[in-house]
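Architecture at a glance
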10 protein chains.
Amino acid sequence: MNRNDVTEKIITVKVSKGLKWEDVAAKVGLSKEWVTAGCLGQMTFDAAQAKTLGAIFGLNEEEQKWLQVVPYKGSLTTAVPTDPLIYRWYEIVNVYGTTIKELIHEEFGDGIMSAIDFKMDITREADPKGDRVNVLLSGKFLPYKTY
Amino acid sequence: MNRNDVTEKIITVKVSKGLKWEDVAAKVGLSKEWVTAGCLGQMTFDAAQAKTLGAIFGLNEEEQKWLQVVPYKGSLTTAVPTDPLIYRWYEIVNVYGTTIKELIHEEFGDGIMSAIDFKMDITREADPKGDRVNVLLSGKFLPYKTY
Amino acid sequence: MNRNDVTEKIITVKVSKGLKWEDVAAKVGLSKEWVTAGCLGQMTFDAAQAKTLGAIFGLNEEEQKWLQVVPYKGSLTTAVPTDPLIYRWYEIVNVYGTTIKELIHEEFGDGIMSAIDFKMDITREADPKGDRVNVLLSGKFLPYKTY
Amino acid sequence: MNRNDVTEKIITVKVSKGLKWEDVAAKVGLSKEWVTAGCLGQMTFDAAQAKTLGAIFGLNEEEQKWLQVVPYKGSLTTAVPTDPLIYRWYEIVNVYGTTIKELIHEEFGDGIMSAIDFKMDITREADPKGDRVNVLLSGKFLPYKTY
Amino acid sequence: MNRNDVTEKIITVKVSKGLKWEDVAAKVGLSKEWVTAGCLGQMTFDAAQAKTLGAIFGLNEEEQKWLQVVPYKGSLTTAVPTDPLIYRWYEIVNVYGTTIKELIHEEFGDGIMSAIDFKMDITREADPKGDRVNVLLSGKFLPYKTY
Amino acid sequence: MNRNDVTEKIITVKVSKGLKWEDVAAKVGLSKEWVTAGCLGQMTFDAAQAKTLGAIFGLNEEEQKWLQVVPYKGSLTTAVPTDPLIYRWYEIVNVYGTTIKELIHEEFGDGIMSAIDFKMDITREADPKGDRVNVLLSGKFLPYKTY
Amino acid sequence: MNRNDVTEKIITVKVSKGLKWEDVAAKVGLSKEWVTAGCLGQMTFDAAQAKTLGAIFGLNEEEQKWLQVVPYKGSLTTAVPTDPLIYRWYEIVNVYGTTIKELIHEEFGDGIMSAIDFKMDITREADPKGDRVNVLLSGKFLPYKTY
Amino acid sequence: MNRNDVTEKIITVKVSKGLKWEDVAAKVGLSKEWVTAGCLGQMTFDAAQAKTLGAIFGLNEEEQKWLQVVPYKGSLTTAVPTDPLIYRWYEIVNVYGTTIKELIHEEFGDGIMSAIDFKMDITREADPKGDRVNVLLSGKFLPYKTY
Amino acid sequence: MNRNDVTEKIITVKVSKGLKWEDVAAKVGLSKEWVTAGCLGQMTFDAAQAKTLGAIFGLNEEEQKWLQVVPYKGSLTTAVPTDPLIYRWYEIVNVYGTTIKELIHEEFGDGIMSAIDFKMDITREADPKGDRVNVLLSGKFLPYKTY
Amino acid sequence: MNRNDVTEKIITVKVSKGLKWEDVAAKVGLSKEWVTAGCLGQMTFDAAQAKTLGAIFGLNEEEQKWLQVVPYKGSLTTAVPTDPLIYRWYEIVNVYGTTIKELIHEEFGDGIMSAIDFKMDITREADPKGDRVNVLLSGKFLPYKTY
């Protein structure tokens, strides 16, 4: 058994029961972004969270323990994603990558925007020309220091 | 001569004159994100914009014409970026890619978030524990339709 | 269980029963192109469509639910396809890619031809020198906008 | 000197003179698709065509000779194209590849749609919801034969 | 069940029964090259051929049906083959590829040698310095045409 | 200076003078296949051959010396060739590779068909349904031996 | 001109003058590890540091400005390094990577060891069986947080 | 059965029993770094160590024998690791690789830092600004010699 | 069943019985290098050899038949091996490859050292500074010939 | 200027003067294998050796200094070499890699054969069936140790 087995079980149960990530997240008491990432095998739950998820998805004790083990992260199966929705994000990094780099350095100097001390918020913006997906990414700036 | 030559000239002049993208964008009259992307060879300027940039960067008429030609886009030189700042964005797509996919589909159904009818806004959020980089991505939702 | 299992079951039943995609599509009431793509795990069916397919392919309720979940898309197993028929399409993109880019930009300006708001029609054209495969691709033009 | 040098010269002259591919094709007397592909280094011109192009783009005799040499074809610089417009075509092959394969085989049996005995026609279709790019691909069906 | 399962069964039976491809081909009534390729999952048999093979390899009705379905072709598992015998062919393409291209174009003009309207004949040539493998490849020349 | 410079010079002169490989080979006194491969930088000439080629292509003494140095072989710039003519050969290896392996082993046992003690003959076969390219490959069989 | 040109100039001068990185670092007043990384185009200097380096390596004002621009980082030219010394480090990551992951998570929980808030110290340890290279890597632990 | 099966069993038991690598190592009597690497399938145990591990993880005699067989090493499944923690190490090699090379050569001359005669020590350093991960790598210097 | 299954069985039995390759080879009556390569699925045994191995490893008749089938060769699972011992050999080819090429050509002219008419002998050389692995590779020189 | 420029100059002079590596090595006073590797940019010379080579190849003082700088090693331009002679070595590693691993471990235990404390000797063995290339590789065995 490994974390991947648990992830597959969660997804299978979700489909057969017709659950929504937003409701799962509400029961766990955290954002839908973080909880979904965790259920998809990218984040680590604590014991109480694992128990809640165990009740929702019918996970036994051993499966709940796997949710508390730090997983080997990375949800893409190829270096360049093939799924159109995920590819669009890769395209944004490809087309705008140097722009993002230039503007963050112009404002903050040398360093990076953290992908660890990081949060994400996905919302719908109503728009008569077609609703929009708005995604707010927020990461702490971490400067390179001299030594 | 090609667009790449013009991009390299723009960057060289920017460094030697110590210009800021924000000021360049203000003169062009558009967002710093879009103007920087254009100066880095990813977007297409119209004649008036090209003239403004020509004045800023000392571009001759032929070079200004290249700014008005749709470029072959893509700013990364490798499938997986090596620069730490840009890599963090690739990592976000890698770790959160399936999460983003799940949540957008849960809210909107099958389709994608457009990377074309798209805008981006990069801002600094002051924070006593270390300032944060906030990036708002906004893309129109495009549904797959049956036919 | 996942979507791929359902796809394999559909294909297996299709072979053993000797079904034709065109007939399957007629029962679903949509084009053969879209229905085939959906049966091959690339599109999302609604409940009524899934029920129809369930009757045709002997899918149980859980399998029908999987047909209604947005799949992780991408039908090729390698970056460059090895199958001669599919490779010819990759070759067309490789040989004519920059031509297509130039001519669309010449007519429409900077932007893309959508692969989402998109439809395809495959027909046979009788020809004494050998029948031809005609494929009409139709995608909405999506312009890049300044912001 | 090689064919690539001639291609680059053609593109450079096109930009500085502001020529359109459609007009170039009209002077050569063939479709805009084939002539553009040839000017971009993918097709072979005969002597008369090369002379016409020589007059348009200011090519000397040696450069005209290169237009008559069969080129090493392939216009993409990476296995997966990075340009958003060209990528959308790669995506179509990726998402619909197996569908195209199934439907052509269902109609014609084992074989391929030729990318050599092939033509392409790119047109604009006016549409109140946004104009569409229509592309008609027509290739002779070539059956595998037993021996 | 898929075509690959049938291929593996054929190979397993061939080894355990000690069959020879040449004899299998004689029973099918076609060349050993085409029949072997078909048994290895690269070609499509008709119903009568499938029945003959079913008798030889003990294939049930469903397995015989799979032999009549056009397969996803491509017999190599890596872009550059690792097996020394097959690699030597890749090496011939690598070392002589541009030579073959030059000489076919010199004789025929722009176009290709078909790999579909194609046949192959492998024979042994006795030679006192060591017998030789002679392979005759014959493909129809398909010219690019203007349009 | 290196061998590649000499190859490029030979090709450039060939185009500007309108030479044919067959005539070049006749002057060297060897097959067109081997001489073309040598001129394209894949084979090694002796002093007399280099002198003959020097006269044809206007190569100085140093350039003639480079023709006598064993080159770093390999004429493809990518693992999978992008040129349609050369790709067809790669496709033959891909589709028929395991077939070739099976049949050579059935006839000769374990070993390879040499790509070194090897010759190739490319000829045109007239055919009312379209002329054919016939290519005869002949390589010594080299058996693996036990030790 | 770009940062790479400056890096190459620095290296060329260093070789022709026979300078040592340790002495360069002493003049800059920082560790040899950080200064060397900066001279090799991986870190960003301030104006005073750039002036010092300008004096050492004979860099003009524009070249000094490039030292103050945040570079596109990444010093390897291939995904897997070919140089034996650098490869050994890649091997350590390959062989010990999951071990490092397990032990850091066991001690700190889910998160990473920063490669930005990071320092490195390379020293020689005398050893009668052969001197040892000791490298101390020190990076702040950054925990993933829930949100 | 192979070494990988044993590794997976060890990990599964560790999770279900909630063991710590540090405690496992203490029982084996060696460093936590080496023992963890061994349990993860990268090092070779002797009979006594295998017996100890057998008692801890409930391994039968055959499984214990596998722990004594030299494994095929390499713990990453992709050339560039996708897990953020392990990637940071790859990034260090990428950003600092040439720096490490320069400084070791400056001190020791041509040669490498051994990854075989090598040890690693991972410790926590308390720090009010956030605790740090300190990793000491120690490898014998191996000089290239002339011959 | 395929050759790989037999290879895995041989390895499993070898570990559980604690056999040595040297002893296996002695029973087969050939060198340890060739026999080991065969047992690892790279060489083809004759019936008598297969029977001997069948007795040693408990292989049934069908498994013995697989040992007599020419395998698809290639023992590495990645283009660049990850195992440190095997990688060192790849490194030798990488660092010394052009040297080996130059020296063999200097002595023999254009051609190759055969990897088929080839043998290998691995021995231990006692050395007070640490024993050495000596490997003698012997391959017939095969010259390229003109034709 | 960099080491590669010096390597290219050495090769160019060698061809134009018709020098032999064996004679160059004799003047340097070391083996032909090591000296050739150094001239091809893989090894580091001392001042006296560089002076000798300077006299042979007409290298100025700065070029001689580059010969004394440790180079970035790796002589192949692709992960899998395309040159037939060098490829045969890659094939040996591919076919015999696991055999070499097994036999060295059987004799020496866990560890590697050094590619640093290493020497190579290439000789011709006369043989009536065709002369052989014999290559003796000798590397110190380096054991993994526990800690």
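Residues numbered from 1 in each chain as written. Chains lettered and ligands numbered in written order. Predicted model: local features only at pLDDT ≥ 70, side-chain atom pairs only at ≥ 80, totals over all residues. Heavy atoms only, no water.

1. Description of the UniProt feature "active site" (unreviewed entry) in chain A
What counts, and what does not: UniProt positions are given in the numbering used here, feature names are shortened, and annotations may be inferred rather than shown by experiment. Relative accessibility under 20% of the residue-type maximum defines a buried residue, over 50% an exposed one, and the middle range a partly exposed one, all with a 1.4 Å probe and only protein chains included. By definition in these notes, contact holds between two residues if any of their heavy atoms fall within 4.5 Å. Polar contact is the term for a pair of N or O atoms within 3.5 Å; when the atoms are in protein, one must be able to donate a hydrogen and the other to accept it, and sequence-neighboring residues count only if both atoms are side-chain atoms. Segments assigned H or I by DSSP are reported as helices when at least four residues long, segments assigned E as strands when at least two residues long, and all are numbered from the N terminus.
Taking the numbering used here, the UniProt-annotated feature "active site" (unreviewed entry) corresponds to Arg88, Glu91 and Ser114 of chain A. A relative accessible area of 1% places Arg88 of chain A in the buried class. Setting aside its immediate chain neighbours within four residues, Arg88 of chain A contacts Ile112, Met113 and Ala115 of chain B, Ile116 of chain C together with Arg88 and Glu91 of chain D. Separated by 3.0 Å, the side chain of Arg88 of chain A and the backbone oxygen of Pro84 of chain A make a polar contact. The residue Ser114 of chain A is located in strand E1 (residues 111–125) in this model. When neighbours within four sequence positions are excluded, Ser114 of chain A is seen to be in contact with Gly139, Lys140 and Leu142 of chain A.

2. So, the sheet that holds strand E1 (residues 111–125) of chain J
Strand pairing in a sheet takes place through backbone hydrogen bonds and is either antiparallel or parallel in direction. Heads up, the rule is: A strand pair is defined by DSSP finding two or more bridges across the two strands. Each axis is a line fitted through C-alpha atoms, taken for helices only over the stretch in contact, and angles between the N-to-C directions span 0 to 180 degrees.
Sheet architecture is open: 4 strands sit in the order E1(I)-E2(I)-E2(J)-E1(J), paired in antiparallel fashion. Every interior strand has two partners, whereas the edge strands, strand E1 (111–125) of chain I together with E1 of chain J, have only one. Each strand of the sheet is rotated relative to its neighbour by a mean of 20°, with strand direction disregarded. Sheet topology note: the E1 of chain J/strand E2 (residues 132–143) of chain J ladder contains 11 bridges and is antiparallel. Considered in E2 of chain J, the bridge of Ile122 of chain J is made with Val135 of chain J. Relative to E1 of chain J, helix H6 (residues 84–108) of chain I is tilted by about 20°, and along the sheet it contacts E1 and strand E2 (132–143) of chain I together with E1 and E2 of chain J.

3. Things to note about a negative patch on the surface
Quick reminder of the rule: The patches reported here contain residues having more than 30% relative accessible area and no salt bridge. Joining distances are 9 Å for like charges and 5 Å for nonpolar side chains (Val, Leu, Ile, Met, Phe, Trp, Tyr). Each accessible area is a Shrake-Rupley estimate made with a 1.4 Å probe; only the visible protein chains count as cover when residues are assessed. The rule for a salt bridge is simple: a side-chain nitrogen of Lys or Arg has to be within 4 Å of a carboxyl oxygen of Asp or Glu. Only four residue types enter the charge count: Lys and Arg as positive, Asp and Glu as negative, with His and the chain ends excluded. Where a charge lies is defined by one atom per residue type, namely NZ (Lys), CZ (Arg), CG (Asp) and CD (Glu).
On the surface, a cluster of negative charge is contributed by Asp5 and Glu8 of chain A together with Asp5 and Glu8 of chain C. Elements that contribute at least two residues to the negative patch include exactly helix H1 (3–17) of chain A together with helix H1 (3–17) of chain C. Along the chain, the position of Glu8 of chain C falls in helix H1.

4. Thoughts on helix H6 (residues 84–108) of chain B
Residue and element names in this part refer to chain B. The following threshold applies: Bend is computed residue by residue as the angle between axes fitted to the seven residues ending at the residue and the seven residues starting at it.
Largest kink in H6: about 65°, centred on Tyr96. Among the 25 residues in H6, 23 count as buried, and that is most of the element. N-cap assignment for H6: the residue whose side-chain oxygen lies 3.1 Å from the backbone N of Leu85 is Asp83.

5. Here we look at the relation of the copies chain D and chain C
Here is the rule we go by: Residues below a pLDDT of 70 in either copy are left out; the C-alpha atoms of the rest, at least 70 in both, set the least-squares superposition of the copies.
Its rotation angle being 180°, the transformation that places chain D on chain C also includes 0.0 Å of axial translation and leaves an RMSD of 0.0 Å. Such values leave the two copies arranged in the relation of a two-fold axis. When C-alpha distances to the rotation axis are compared across chain D, the minimum falls at Leu136 of chain D, with a value of 2.2 Å. Here 100% of the contact residues of chain D are again contact residues in chain C; the copies associate through an equivalent surface.

6. Topic: the packing of helix H6 (residues 84–108) of chain A against helix H6 (residues 84–108) of chain D
Heads up, the condition is: Reported orientations rely on four angle classes, namely roughly parallel under 35 degrees, roughly antiparallel over 145, roughly perpendicular from 65 to 115, and oblique for the rest. Helix crossings are classified by the rotation of the near helix relative to the far one: an anticlockwise turn of less than a right angle makes the crossing left-handed, while a clockwise turn makes it right-handed.
In the contact formed by H6 of chain A and H6 of chain D, the axes pass within 12 Å of each other and the chain directions differ by 155°. Comparing the axis directions of H6 of chain A and H6 of chain D gives the class roughly antiparallel. The hand of the H6 of chain A/H6 of chain D crossing is right-handed. For the pair H6 of chain A and H6 of chain D, the contacting residues are Pro84, Tyr87, Arg88, Glu91 and Val95 of chain A in the first and Pro84, Tyr87, Arg88, Glu91 and Val95 of chain D in the second.

7. Some remarks on the interface of chain D and chain C
Rule in force here: The buried area of a pairing is the accessible area, by a 1.4 Å probe, that goes missing from both parts when the two are put together, added over both. In this count, Pro and Cys sit with the nonpolar residues alongside Ala, Val, Leu, Ile, Met, Phe, Trp and Tyr, while Asp, Glu, Lys and Arg are called charged and the others, Gly among them, polar.
Contacts between the two partners involve 68 residues from chain D, matched on the other side by 68 residues from chain C. For the pair chain D and chain C, the summed buried surface comes to about 6,800 Å²; carbon and sulfur atoms form 66% of the total. At the junction of chain D and chain C, the tally comes to 6 salt bridges. Put simply, Arg124 of chain D and Glu107 of chain C hold a salt bridge, and the shortest N to O gap is 2.8 Å. Joining chain D to chain C, the criterion identifies 34 residue pairs in polar contact (both at pLDDT 80 or more). Where the side of chain D that touches chain C is concerned, the elements lending two or more residues are helix H2 (21–28), helix H3 (32–39), H6, strand E1 (111–125) and strand E2 (132–143) of chain D. For the side of chain D that touches chain C, the class distribution of residues is 33 nonpolar, 14 polar and 21 charged. Where strand E2 (residues 132–143) of chain C lies against E2 of chain D, 9 bridges are found, and the strand directions are antiparallel. Bridging across to E2 of chain D, Leu136 of chain C finds its partner in Leu136 of chain D.

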